[in-house]
Amino acid sequence: MKIEQIYTGCLAQGAYYIESNGEAAVIDPLREVQPYLDKAEKDGAKIKYVLETHFHADFVSGHLDLAKKSGATIVYGPTAKPGFEAHIAEDGEILELGNLKIKVIHTPGHTMESTCFLVSDKTGKELGLFTGDTLFIGDVGRPDLAQKVVAELTQEKLASHLYDSLHNNIMPLSDDLIVYPAHGAGSACGKNMSKETTDTLGNQKKTNYALQSMSREEFIEKVLDGLMPPPAYFPENVLMNIQGYESIDNVLEKGLQALSPEEFETAANETDALVLDTRDAQSFAKGFIPNSINIGIDGSFAPWVGAMIPDIKQKILIVADEGREEEVVTRLARVGYDYAIGFLKGGFESWKNSGKEVDRIESISVDEFAKRMENDADLKVLDVRKKSEHFSEHIIGSENTPLDYINEYLAEIQKDETYHVHCAGGYRSMIFISILKARGYENLIDVQGGFTAIKESEKFNISDYVCPTTML
């Protein structure tokens, strides 16, 4: 018997592989399914089930491709109405997997079809609870997403359902049960998730704020308090997961068209494709194709693509480090961006060597930044971290213009003014500057290392620290 968590850091997402006596199940798989097929082959097992805890919003699940390639049955909980063949299990139904039994527990709240899967061995001992987005470590699933898809639902109604699901279906279970959630810290599916990705249910009963003794009204207030708007791509991903989508094999075939600089330039000029440069921030700053935007692959790539590119059907031309093109196309597809139409063969160096136009962004060290602030008391500083990060600690006099809401702040940023821009470490500031530069803002300067380096230098007037949880 094997239970394996397959955690993907950039999405803060946990998929699970369970194997017993030659039969396997995969819970909430990612879009690229070959790793699950390889695991089953290595174990000499047949994938019998693809178990979906709900219709995901933050990523496109691999359920369709995995079922097609393995012959597995896709399983959803009660009330799910997918646009493809699947088994809609009843509440309390038992699924047999080798020597294991998997009990279906309907837990509406995060979404109405949300379901947990309780795994027991042949003696009846309960081993693990796969909670999807119903229960996280330190948090519970936000109850405001399904209302974006089903008009008659409200976040208050969903929170009330979640209260019942937790108190009636989850909390009565044994304390030594291991909780296996679908997400950890960094996911937008909750607000207070722990960096830990598993825990005992007993410990969660002691430490998780949402599992403490309180009335329904208190629970609803606490769960809804402090929720930030979800990324714009979430409803689109939900619809793809409900209705179906193109095979990732086709998406990769289209996206992995190698284009010479001339072909790349022609494609950019003749289509409405966005040029997405996925190199690290400092490499991008030193030289890039004019009007391209930078979202580095070595970071929270997929969520920031979803937040910054409003149209999920946007055609995309890719600039990547050589050898990482397939990784980029795959990670775009994880969040439903299936319209990559090719990549620059040879990377940015081939563009530069062809003699084509190159743009740059000024990026300065913290020491240089300190000198400039010392010499100019009116230096304009934009802090593009989240509101809670800025609230917690910031350069006194800086303006908070969170990258998440870049469009809301455009009117406040003057094209004829010079701004020095920082985030926490340099990843988000380059995204911010690249987007504005593509819109004609020429006077934005990046501060290398962001607030981390700023604070470590001890050369700046920093506000007193405030715990960001006081904002919740």
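Here the structure is shown first, and the text comes after it.
Quick look at the structure, then.

Conventions used here
- Once a new chain begins, its residue numbering starts again from 1 and follows that chain's sequence as written.
- Local features in this predicted model are restricted to residues of pLDDT 70 or higher, and side-chain atom pairs are both shown and tallied only at a pLDDT of 80 or more, whereas totals for entire chains, interfaces and linings draw on every residue.
- Calculation of side-chain values draws on the structure's entire complement of heavy atoms; hydrogens and water are dropped beforehand.
- Two aromatic rings, drawn from Phe, Tyr or Trp (for Trp, its six-membered ring), form a pair once their centres lie within 6.5 Å of each other, and the interplanar angle then sorts them: stacked below 30 degrees, edge-to-face above 60, tilted otherwise.
- Buried, partly exposed and exposed residues are distinguished by accessible area as a fraction of the type maximum, computed with a 1.4 Å probe on protein chains only: under 20%, between the cut-offs, and over 50%, respectively.
- Geometrically, a charge over a ring is one whose NZ (Lys) or CZ (Arg) sits within 6 Å of the ring centre while staying within 35 degrees of the ring normal.
- Strands pair, by our definition, only if DSSP identifies at least two bridges between them.
- Secondary structure follows DSSP: runs of H or I at least 4 residues long count as helices, runs of E at least 2 residues long count as strands, and numbering of each begins at the N terminus.
- Contacts are assigned to residue pairs that have any heavy atoms within 4.5 Å of one another.
- Helix axes use the C-alpha atoms of the stretch in contact, all axes being lines fitted to C-alpha atoms, and the angles between their N-to-C directions lie in the range 0 to 180 degrees.
- By salt bridge we mean one thing: a side-chain nitrogen of Lys or Arg within 4 Å of a carboxyl oxygen of Asp or Glu.
- As used here, the arc belongs to the directions running from the helix axis to the C-beta atoms.
- The cut-offs work like this: below 35 degrees is roughly parallel, past 145 is roughly antiparallel, 65 to 115 is roughly perpendicular, and the gaps in between are oblique.
- Definitions for this section: a left-handed crossing has its near helix turned counterclockwise from the far helix by less than a right angle. A right-handed crossing has that turn clockwise.
- Here the nonpolar group is Ala, Val, Leu, Ile, Met, Phe, Trp, Tyr, Cys and Pro; Asp, Glu, Lys and Arg are the charged ones; every other residue, Gly included, is treated as polar.

**Things to note about the packing of aromatic side chains**
Tallied over the entire structure, the rule returns ten aromatic pairs. Seen in terms of ring centroids, phenylalanine 284 and phenylalanine 288 are 4.1 Å apart; in terms of plane orientation they differ by 10 degrees. Their pairing is stacked. For the pair formed by phenylalanine 284 and phenylalanine 288, the shared burial category is buried. Of the aromatic side chains, those joined through ring pairs into one cluster are Tyr16, Phe130 and Tyr180. The positively charged end of arginine 385 is found above the aromatic ring belonging to phenylalanine 451, 4.2 Å away from the centroid.

**Considerations on the sheet that holds strand S20 (residues 399-400)**
If you walk across this open sheet you meet the five strands as S18-S22-S21-S19-S20, and the pairing is parallel. Edge positions in the open sheet fall to strand S18 (363-364) and S20, since each of these has one partner strand only. The pairing of S18 with strand S22 (residues 444-447) spans two bridges and is classified as parallel. When the bridges of S22 are listed, isoleucine 364 appears paired with valine 447. Its contacts with the sheet place helix H16 (residues 427-438) against strand S19 (380-383), strand S21 (419-422) and S22, and it is angled at close to 165 degrees to S22.

**Focus on unusual backbone geometry**
Most peptide bonds adopt trans geometry, and most residues besides glycine take a negative phi value. The backbone of aspartate 28 shows a phi angle near 50 degrees, a positive value even though the residue is not glycine. In this structure, asparagine 291 is a non-glycine residue whose phi angle is positive, near 75 degrees. Along the chain, asparagine 291 falls in the loop between helix H9 (281-286) and strand S15 (293-294).

**Regarding the pattern of salt bridges**
Within this structure, the stated rule accounts for 27 salt bridges. Put simply, aspartate 249 and lysine 69 hold a salt bridge, and the shortest N to O gap is 2.9 Å. With aspartate 249 in helix H7 (residues 248-255) and lysine 69 in helix H2 (residues 63-70), this residue pair connects regions lying 180 residues apart in the sequence. Accessibility expressed as a relative area gives 38% for lysine 69, which makes it partly exposed. The partner of glutamate 327 in a salt bridge is arginine 331, and the shortest N-O contact between them spans 3.1 Å. Of this pair, glutamate 327 and arginine 331 both sit in helix H11 (residues 325-334), separated by four residues, roughly a single helical turn. Note on arginine 331: relative accessible area 9%, which makes it buried. Salt bridges here are not isolated pairs; linked through shared partners, they connect Asp298, Arg324, Glu327 and Arg331.

**Section: the sheet that holds strand S2 (residues 13-20)**
The six strands are arranged S1-S2-S3-S4-S5-S6 in an open sheet whose pairing can be described as mixed. Sheet topology places strand S1 (2-8) and strand S6 (87-88) at the edges, where each strand pairs with a single neighbour. Two strands pair when backbone bridges link them, and strand S5 (residues 73-76) and S6 are joined in this way by two bridges, in the parallel orientation. Within the sheet, the bridge partner assigned to tyrosine 76 lies in S6 and is isoleucine 88.

**Re helix H17 (residues 450-457)**
Listed in full, the buried residues belonging to H17 are Gly450, Phe451 and Ile454. Angular distribution of buried residues about the axis of H17 spans 95 degrees; they occupy a single face of the element. Each element contacted by the buried residues of H17 is listed here: helix H13 (366-375), S21 and S22. Of the residues trailing H17, glutamate 458 is marked for its positive phi of about 60 degrees.

**Observations regarding the packing of helix H10 (residues 301-308) against H11**
Between H10 and H11, the shortest axis-to-axis distance is 9 Å and the interhelical angle comes to 60 degrees. With respect to each other, H10 and H11 are oriented oblique. The two elements H10 and H11 cross, and the hand of that crossing is right-handed. Of the residues in H11, those touching H10 at Phe301, Ala302 and Val305 are Val328, Arg331 and Leu332. Residues that form the contact of H10 with H11 fall into these classes: five nonpolar, no polar and one charged.

In short, shape yes, function no, at least from these values alone.
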